[in-house]
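The primary structure of each chain is shown beneath.
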Number of protein chains: 4
Amino acid sequence: MNTFGEALKVTVFGQSHAPAVGCVLEGLPAGMAIDREALAAFMARRAPGSSPTSTRRKEADEVTIIAGLNPKGETSGAPIALTIPNGDTRSGDYAAMGKVPRPGHADLVAWRRWGDAWDRAGGGQFSGRLTAPLCAAGALCLQWLERQGIAIAAHALAIGAIGDEPFRARTLDERSRRRLSAQIESLRDGRSFPTIDEARGWVMEKAIQEAASEGDSLGGVIEIVATGVPRDLGDPMFDGVENVLARALFAIPAVKGVDFGAGFGAASLKGSEDNDPYAIDDDGEVSIAKNDAGGILGGITTGAPLLARIALKPTSSIAKRQRSVDLETMRAIELRVKGRHDPCVVPRAVPVAEALFALAIGDLMLSKRAFERL
Amino acid sequence: MNTFGEALKVTVFGQSHAPAVGCVLEGLPAGMAIDREALAAFMARRAPGSSPTSTRRKEADEVTIIAGLNPKGETSGAPIALTIPNGDTRSGDYAAMGKVPRPGHADLVAWRRWGDAWDRAGGGQFSGRLTAPLCAAGALCLQWLERQGIAIAAHALAIGAIGDEPFRARTLDERSRRRLSAQIESLRDGRSFPTIDEARGWVMEKAIQEAASEGDSLGGVIEIVATGVPRDLGDPMFDGVENVLARALFAIPAVKGVDFGAGFGAASLKGSEDNDPYAIDDDGEVSIAKNDAGGILGGITTGAPLLARIALKPTSSIAKRQRSVDLETMRAIELRVKGRHDPCVVPRAVPVAEALFALAIGDLMLSKRAFERL
Amino acid sequence: MNTFGEALKVTVFGQSHAPAVGCVLEGLPAGMAIDREALAAFMARRAPGSSPTSTRRKEADEVTIIAGLNPKGETSGAPIALTIPNGDTRSGDYAAMGKVPRPGHADLVAWRRWGDAWDRAGGGQFSGRLTAPLCAAGALCLQWLERQGIAIAAHALAIGAIGDEPFRARTLDERSRRRLSAQIESLRDGRSFPTIDEARGWVMEKAIQEAASEGDSLGGVIEIVATGVPRDLGDPMFDGVENVLARALFAIPAVKGVDFGAGFGAASLKGSEDNDPYAIDDDGEVSIAKNDAGGILGGITTGAPLLARIALKPTSSIAKRQRSVDLETMRAIELRVKGRHDPCVVPRAVPVAEALFALAIGDLMLSKRAFERL
Amino acid sequence: MNTFGEALKVTVFGQSHAPAVGCVLEGLPAGMAIDREALAAFMARRAPGSSPTSTRRKEADEVTIIAGLNPKGETSGAPIALTIPNGDTRSGDYAAMGKVPRPGHADLVAWRRWGDAWDRAGGGQFSGRLTAPLCAAGALCLQWLERQGIAIAAHALAIGAIGDEPFRARTLDERSRRRLSAQIESLRDGRSFPTIDEARGWVMEKAIQEAASEGDSLGGVIEIVATGVPRDLGDPMFDGVENVLARALFAIPAVKGVDFGAGFGAASLKGSEDNDPYAIDDDGEVSIAKNDAGGILGGITTGAPLLARIALKPTSSIAKRQRSVDLETMRAIELRVKGRHDPCVVPRAVPVAEALFALAIGDLMLSKRAFERL
């Protein structure tokens, strides 16, 4: 239910205003020393308050690992359990709302399902707050993937109509590879807005502020890449890499679409354009000339970079007047959502997308069997 | 591995040139008489040779149910096992190819994984042939869903650059509802090409034939809708309706993207545009004014029509000259794929998409618990 | 891996000397107020130090629920996460041991698997301490089962060669039913040793003390019964009630055997003796005349009481001299295990067995589907 | 539901009088040539009519593999699907019975669950006939396990009160090892009754014939051993080797108890007796001096032989007069079961127990991950 993965399994718990959010992460190889600074740095990228466009709710997002490590601070083979306390909650904002579902939000379905038992404060378990433990689990997984030579990065490819430079991952020549490495590197320099082209990021920030000032919100597209992913991951039909990544990525609230490689664009290509030809490289190995497949054929990794995009709808909680209903009186009502909501979730969803990519790739890697052929 | 579903579970088996393809379907409620004509009619929609644009491989696609029914021909509570024999196989087409992977196809990853043990004939278990048992399982599930008041339909929304009229499922007024019903109805009249606007279908067919005559292929987009789906299906985070449907739909070979409701388009909307407002209808019930959410909020169905799109890349097996390699000699080689391949898989993938929608919705329906609240 | 259940899922974490042990419990129906006193009382039955025969390690075993409840303290539909802090740990006892596996314990297999990454202190994740979160999860589940009219009880049927009066659950006449109820009731009166016949409990306690004084330990048999379990639970073949209960009960460290109803005794009965005949009761309903089946036919509950027994081997950590090896020097060595170990785990395993019965029955109950027949 | 295993997954289908029984087996390593003679020989051991004490229903039990092999007859990485046709069915025997549940059989629970939709003929999916595909899957798995140096054998340890010589698997000295090998070998010589001591087998056969002549039936105990099983298989708590094997073995109809190593006998041992001491062997490796643990510590294999016992109740279908009820009229009725039923299922269950051991061990072997430690 709140669990993802077979060999690397994450089980998420918590609600926006519960004492804590957290997760259990099973399956990380034993003997890995946890880099706590890297963990904190990853959490900071998702933390609220990091830019002028994010919610003013402040969360330290400090991760406490309560089980799973040995006295040396390494993974021990036992499941890792971690918690992140919920501070600075303002349930009053929600109590005052009455029983009025916010359009575009999960309120309506949650009330229908659990009635008054639902913990509505802050959206309960539907809150974006639940992406904090996903980030913590993903950050731990990333520490292992990096040791396997895998790098994962994401950026805001678009906010509304404003676009960023895309990853250079659909061409595979030497120059493209170098450019892709540089792009990934640049996104790690602590820039306040996650775009490859910083100037585009400033324009995006401005657009978000404008929308916010109108009591409105924006959506966008996140592009995610993973390099160094070994070939041979994934299984045919229902457990292919696309199936697994898509199932993971739709866990991010607001995601309404996922595609890979040329993606929706492939629908208007001809076979002779879309097919990635093969060649023999200088080492006598098979190489793939380009990567419209996004690193995946038949559901299985080819060794080329994994490339995905996710579409996020605009934040549903907006200050603008909206039509809703009062579920107590069953009357129509006008709603203006108060509280501290991000006018665009895309920037803070960027590390979450990386975390889910990491968890899914980690699961595929760790699912590798000792016996595959006789 | 080749299994989908929790409460309604399908396990698919077979290779393109094995004696048979088939599946086991567990979880259909007991006591349902199988309508064999409806099953055969559904299979015929996917069958090769049904239109001038499809492969000339002929398959009767006759479904034999070898287990699971009682003597009256009803489901009995036991798992259903069905087989579809593979006739008219021409392994020679493949043997002559040498060990040369077709660009865009799963050949390369399959050889890397299983070596010479891989059953390469016809693409082995990566063949589109494996969608036949998916259709059979989906058709049986549909017979149950129809009794629950659920209708599912799909059409070719686009072939290359040519578009069809979309489903009227993002507006929910009475006129839209009637139009949507009429659209669904029209797609069941046995038309040779699965478009709502038949004239657009003729243009698409012509484009496919043109591509074929150049030894090339086309991709496209399929739109799928389900009406009558009850609210309250799906679970938060990893088992939401989008997660489950996406995982299912990526089982269709060639699918590279999935989105729901406004989908990728939602990324450029404002919150005030994308949010679907609530109202009170004539019966005093909550109604949703429009449906950019595609029937899903917080991963859970709202009762509005489910609406999804999938992007299919062009057929990878093309007659045009392509660059490949010979895996025996490790030399570059030019390849022209022979054999009988659809120049565009979209038309035959339309019933497959319906089948997977049915299996996923069936699984969500049958996962409903007797105890949800105290 | 550390997860049990489909519809009611428990994921356990922690090691003996980690900051905490705990678990995540998903699937309890929403709207149930947690009875914290009943929870604490259940935990107290497993807690160390409750009788002269148990370890002198003191643990308050206080359960903190960090997620899953609504502000009213009810289940909310979100997963419940709970932790139990580990106090009073004495890792020194273990550090002094060197790298010498205790015969009969998991030390050897853990070192082989995880090497020095294994958190050996207190046996790491193999510690009996991990049964504390199982009890907490089971106790919460029991609160729901009791509302469904289900009662679960267990007792020490045997310690070494000393036996207790068995549950009157294999005969189903009115007198037997009343006696069974009285037996279950009597076990809840706070008695210090979990036997139906208190005098037998004193003899058992004495035998345990004698074994302890010799630096040795004892095993035993626990009998578990559940009344009020509805018929129709369980699925044929691999998901029958016996399969599910056995998988759960073997989670208790030291369990080496499980049987149901007449169990191993059924092997020496004739069919005419073992078969439970049917009759029509005063209400015109089918009744079952006796219950050698232990409430299960074809893997499915009959409505009669569920009856199981588990065999527990004697505690492996004993003070007596034993032959072991030093894994650093690879030399034979004599070992006398220090530390505070129960000379017999049976009494404290009694509530653990009830907890696992509760979790397994809860899972079977909550797996019930809304649609089973047309 | 009808599926067992994670890495090696078997999904069973069929009813006693359906056109066929069969299964899908996923996960066997690719490239293994199937030995069809060995498969047929294994099936013959379970086949009816092989001894004077078994049912007179005749089944060729011929296995047809309809998918999963490559043209060379090797496993290909695709799921294996196999069917076994049901011949010689006599539904009349069942139709004449009316709606009268046989005591001790699954009839009552099946009618309650599925009503008249249940395929009652021959017991439907509860029939012992369903063990035929389990044997076929197990036999294929065994062919792989044998290549890994693993041997599996089972025998009738007891029929009623008559016992066979047990496996010499709880002592591990050189002489015991040789004796165990000889015992395993002897059981493969085609003997008509599966006992180590053939004379005991004759006595057992006679006892079965006597019970049959009285219209009655007998139960018994099967002992199963596996040698050559590598250490390190299994996971703590819920996925230990005992949990997995027990879940598998309870799939055999009539099994009411399972234990491992000293099993229920361990309950009356002292720790100093039950613990298996460690020593250093001639190669400087850790050796285990005896094997009361049955090859499993902490749920994980030690490398010593796996040893289990299962208790089977007597056949429930007996000719003797029994009390039952007519579910149509809801009146008490006397029942004498006609039809061809084994008066004791133990002999034919012996290969089934081996098959389930093979499937469970195969699953544990194939679940081994490529990455376990850093």
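Worth saying up front: this structure is predicted, and the values here are computed from it rather than measured.

> Honestly, the overall build of chain A in this entry has me stumped. Any pointers?
The helix and strand inventory of chain A stands at nine helices and 16 strands. For chain A, the C-alpha radius of gyration of 21 Å lies close to 21 Å, the compact-globule estimate for 374 residues. Taken along the three principal axes of its C-alpha coordinates, chain A extends 70 × 50 × 40 Å. Taking all 374 residues of chain A together, the buried fraction comes to 67%.

> Even after reading the chapter, I still don't get the interface of chain D and chain C, so can you show me in this structure?
Frequently, the measure chosen for interface size is the accessible area that the parts lose on association. Each partner contributes residues to the interface: chain D has 101 residues there, and chain C has 101 residues. It is D:Arg113, D:Phe238 and D:Lys256 in chain D that bury the most area against chain C; as a group they hold 11% of the surface buried on that side. Here chain D is connected to chain C by 10 salt bridges. Measuring nitrogen to oxygen at the nearest pair gives 3.1 Å for the salt bridge that ties D:Arg113 to C:Glu372. By residue class, the composition of the side of chain D that touches chain C is 51 nonpolar, 26 polar and 24 charged. Strand direction decides the pairing type here: strand S9 (residues 255-260) of chain C and strand S9 (residues 255-260) of chain D, joined by three bridges, are antiparallel. By the bridge assignment, C:Val258 is partnered in S9(D) with D:Val258.

> I tried to follow the relation of the copies chain D and chain C on my own but got confused; where do I start?
The two copies are related by a screw motion: chain D maps onto chain C through a turn of 180 degrees and a shift of 0.0 Å along the axis, at an RMSD of 0.0 Å. What the superposition gives is, in effect, a two-fold axis relating one chain to the other. Taken as a fraction of all interface residues of chain D, those also at the interface in chain C reach 100%, which identifies the copy contact as same-surface.

> What is the right way to look at unusual backbone geometry in this model?
Excluding glycine, a negative phi dihedral is what most residues carry, and trans is how most peptide bonds are arranged. One non-glycine residue, A:Met237, lies in the positive phi region at around 70 degrees. Mapping A:Met237 onto the fold places it in the loop between strand S8 (220-227) and helix H7 (241-249). With phi around 55 degrees, C:Met330 is a residue other than glycine that occupies positive phi space.

> Explain the packing of aromatic side chains here, please?
Aromatic rings considered in pairs are described by the distance between their centres and by the relative angle of their planes. Counted under the stated rule, the structure contains 22 aromatic pairs over all chains. Centroid distance B:Trp114 to B:Phe126: 6.2 Å. Interplanar angle 45 degrees. Geometry classified as tilted. Of this pair, B:Trp114 sits in helix H3 (residues 107-114) while B:Phe126 is found in the loop between H3 and helix H4 (131-147), placing the two residues 12 residues apart along the sequence. The ring of A:Phe42 is capped by A:Arg45, whose NZ or CZ atom sits 5.4 Å from the centre of that ring.

> Please clarify how the relation of the copies chain A and chain B should be interpreted in this entry.
Mapping between the two chain copies consists of a rotation about an axis together with a translation along that axis. Mapping chain A onto chain B is achieved by rotating through 180 degrees and translating by 0.0 Å along the same axis, at an RMSD of 0.0 Å. Interface overlap between copies: 100% of the residues of chain A at the interface are likewise at the interface in chain B, consistent with a symmetric, same-surface contact.

> I would appreciate a short explanation of the interface of chain A and chain B in the present structure.
Listed per partner, the contact involves 101 residues of chain A and 101 residues of chain B. Roughly 8,300 Å² of surface becomes buried between chain A and chain B when both sides are summed, with 59% attributable to carbon and sulfur atoms. Summed over the three residues of chain A that lose the most area to chain B, namely A:Arg113, A:Phe238 and A:Tyr278, the buried surface amounts to 11% of that side. The interface formed by chain A and chain B contains 10 salt bridges.

> Looking at this structure, I do not really get the environment of D:Gly190. What am I missing?
Residue and element names in this part refer to chain D. As for its placement among the helices and strands, Gly-190 is situated in the loop between helix H5 (174-186) and helix H6 (198-213). A relative accessible area of 66% places Gly-190 in the exposed class. It is 9.5 Å that separates the C-alpha atoms of Gly-190 and Ala-41, two residues lying 149 residues apart in sequence.

> Help me out: how do you make sense of the sheet that holds strand S4 (residues 64-67) of chain B in this one?
Remark on secondary structure: sheet strands pair via backbone hydrogen bonds, oriented parallel or antiparallel. Residue and element names in this part refer to chain B. Reading across the sheet, the five strands line up as S1-S2-S3-S5-S4 and stay open at both edges, with antiparallel pairing between neighbours. Every interior strand has two partners, whereas the edge strands, strand S1 (3-4) and S4, have only one. By the bridge criterion, two bridges tie S1 to strand S2 (residues 9-14) in an arrangement that is antiparallel. Counted as the bridge partner of Thr-3 is Thr-11 from S2.

> I keep staring at the pairing of S9(C) and nothing clicks. Help me out?
Sheet faces and side chains relate simply in a regular strand, where the side chains alternate between the two faces. All names here are of chain C. Of all six residues in S9, six are buried, a share of seventy percent or more. Two strands pair when backbone bridges link them, and S9 and strand S14 (residues 306-312) are joined in this way by five bridges, in the antiparallel orientation. What sits directly across from Gly-257, in S14, is Ala-311.

> I keep staring at the packing of helix H1 (residues 36-46) of chain D against helix H9 (residues 346-366) of chain D and nothing clicks. Help me out?
Helices that pack against each other are described as a pair by the angle of their axes relative to one another and the distance between those axes. All names here are of chain D. Put simply, H1 and H9 touch, their axes get as near as 6 Å, and they point 135 degrees apart. As far as their axial angle goes, H9 and H1 are oblique. Residues Phe-42, Arg-45 and Arg-46 of H1 form the contact with H9, whose participating residues are Arg-348, Val-350, Pro-351, Val-352, Glu-354 and Ala-355. Classifying every residue of the contact of H1 with H9 gives five nonpolar, no polar and four charged.

> Is there a simple way to explain the sheet that holds strand S9 (residues 255-260) of chain A in this structure?
Across the sheet, 10 strands lie side by side as S7(A)-S6(A)-S8(A)-S14(A)-S9(A)-S9(B)-S14(B)-S8(B)-S6(B)-S7(B); this open sheet has antiparallel pairing. With one partner strand each, in any of the chains shown, strand S7 (162-163) of chain A together with strand S7 (162-163) of chain B form the two edges of the open sheet. As paired strands, S8(A) and strand S14 (residues 306-312) of chain A are joined by seven bridges and run antiparallel to one another. Looking across to S14(A), one finds that A:Glu223 is bridged to A:Arg309. Lying over the sheet, H7(A) contacts S8, S9 and S14 of chain A together with strand S9 (255-260) of chain B, oriented at roughly 155 degrees with respect to S9(A).

> Hey, could you run me through the pattern of salt bridges in this one?
Residue and element names in this part refer to chain A. This model, assessed by the stated rule, comprises 87 salt bridges over all chains. Measuring nitrogen to oxygen at the nearest pair gives 2.8 Å for the salt bridge that ties Asp-61 to Arg-129. Of this pair, Asp-61 sits in the loop between helix H1 (36-46) and strand S4 (64-67) while Arg-129 is found in the loop between helix H3 (107-114) and helix H4 (131-147), placing the two residues 68 residues apart along the sequence. On the basis of relative accessibility, which here comes to 4%, the residue Asp-61 falls in the buried class.

> Can you walk me through the confidence of the model for chain A in this structure?
Detailed reading of predicted coordinates is not advised where the pLDDT is low. Looking at chain A as a whole, its pLDDT mean stands at 94, while 94% of the residues score no less than 70. For this predicted complex, the interface score ipTM comes out at 0.96, while the overall pTM is 0.96.

> Where do I start with the environment of C:Ile288 in this structure?
Residue and element names in this part refer to chain C. With respect to the element layout, Ile-288 can be found in strand S11 (residues 286-288). Ile-288 gets classed as buried once you look at its relative accessible area, which sits at 15%. For the pair Ile-288 and Leu-172, spaced 116 residues apart in the sequence, the C-alpha separation amounts to 7.5 Å.

> In this structure, what is going on with the pairing of strand S15 (residues 322-326) of chain A? I would like to understand it.
Residue and element names in this part refer to chain A. Buried residues dominate S15, accounting for four of its five residues. Note that S15 and strand S16 (residues 331-335) share five bridges and pair antiparallel. Bridging from a neighbouring strand, Arg-323 pairs with Glu-334 of S16.

> Got a minute to help me understand the packing of helix H4 (residues 131-147) of chain C against helix H9 (residues 346-366) of chain C in this structure?
Residues and elements named next belong to chain C. Closest axis-to-axis distance for the H4/H9 pair is 8 Å, and the angle between their directions is 50 degrees. As far as their axial angle goes, H9 and H4 are oblique. As H4 runs across H9, the sense of the crossing is left-handed. In contact with Thr-131, Leu-134, Cys-135, Ala-137, Gly-138, Cys-141, Leu-142, Trp-144 and Leu-145 of H4, H9 contributes Pro-351, Val-352, Ala-355, Leu-356, Ala-358, Leu-359, Ile-361, Gly-362, Met-365 and Leu-366. Classifying every residue of the contact of H4 with H9 gives 16 nonpolar, three polar and no charged.

> Just checking my understanding: could you explain the side chain of D:Gln15 for this structure?
Following the sequence through the fold, D:Gln15 ends up in the loop between strand S2 (9-14) and strand S3 (20-26). A distance of 2.9 Å separates the side chain of D:Gln15 from the backbone oxygen of B:Leu69, its partner in a polar contact. Those residues in contact with D:Gln15, other than ones at most four positions away along the chain, are B:Ala67, B:Gly68, B:Leu69, B:Ser76, B:Ala78, D:Ala20, D:Val21, D:Asn86, D:Asp119, D:Gly124, D:Gln125 and D:Leu130.

> Just to check I follow, could you spell out H5(D) for this structure?
Every α-helix carries 3.6 residues per turn, so stepping three or four residues along brings you back to the same face. In this model, H5(D) (13 residues) spans 18 Å end to end at C-alpha, consistent with the 18 Å of a helix rising 1.5 Å per residue. Packing partners of the buried residues in H5(D) comprise strand S6 (151-159) and strand S8 (220-227) of chain D.

> What is the right way to look at the environment of C:Ala332 in this model?
By secondary structure assignment, the location of C:Ala332 is in strand S16 (residues 331-335). C-alpha separation for the pair C:Ala332 and C:Val100, spaced 232 residues apart in sequence, amounts to 9.5 Å. Not counting the four nearest positions on each side in its chain, C:Ala332 is found in contact with C:Ser324, C:Val325 and D:Ile280.

About the thresholds
Residues numbered from 1 in each chain as written. Chains lettered and ligands numbered in written order. Predicted model: local features only at pLDDT ≥ 70, side-chain atom pairs only at ≥ 80, totals over all residues. Heavy atoms only, no water. Helix = DSSP H or I, 4+ residues; strand = E, 2+ residues; numbered from the N terminus. Rg over C-alpha atoms; globule rule 2.2 N^0.38 Å. Buried < 20%, exposed > 50% of the residue type's maximum accessible area, 1.4 Å probe, protein only. Contact = heavy atoms within 4.5 Å. Buried area = accessible area lost by both parts, 1.4 Å probe. Salt bridge = Lys/Arg side-chain N within 4 Å of Asp/Glu carboxyl O. Nonpolar A, V, L, I, M, F, W, Y, C, P; charged D, E, K, R; others polar. Pairing = 2+ DSSP bridges. Least-squares fit on C-alpha atoms with pLDDT ≥ 70 in both. Phe/Tyr/Trp six-rings, centres within 6.5 Å; stacked < 30°, edge-to-face > 60°. Lys NZ or Arg CZ within 6 Å of the ring centre and 35° of its normal. Axes fitted to C-alpha atoms, helices over the stretch in contact; angles between N-to-C directions. Parallel < 35°, antiparallel > 145°, perpendicular 65-115°, else oblique. pLDDT = per-residue confidence, 0-100. Left-handed = near helix turned anticlockwise from the far one by under 90°. Polar contact = N/O pair within 3.5 Å; in protein donor to acceptor, adjacent residues only side chain to side chain. Expected span 1.5 Å × (residues − 1).

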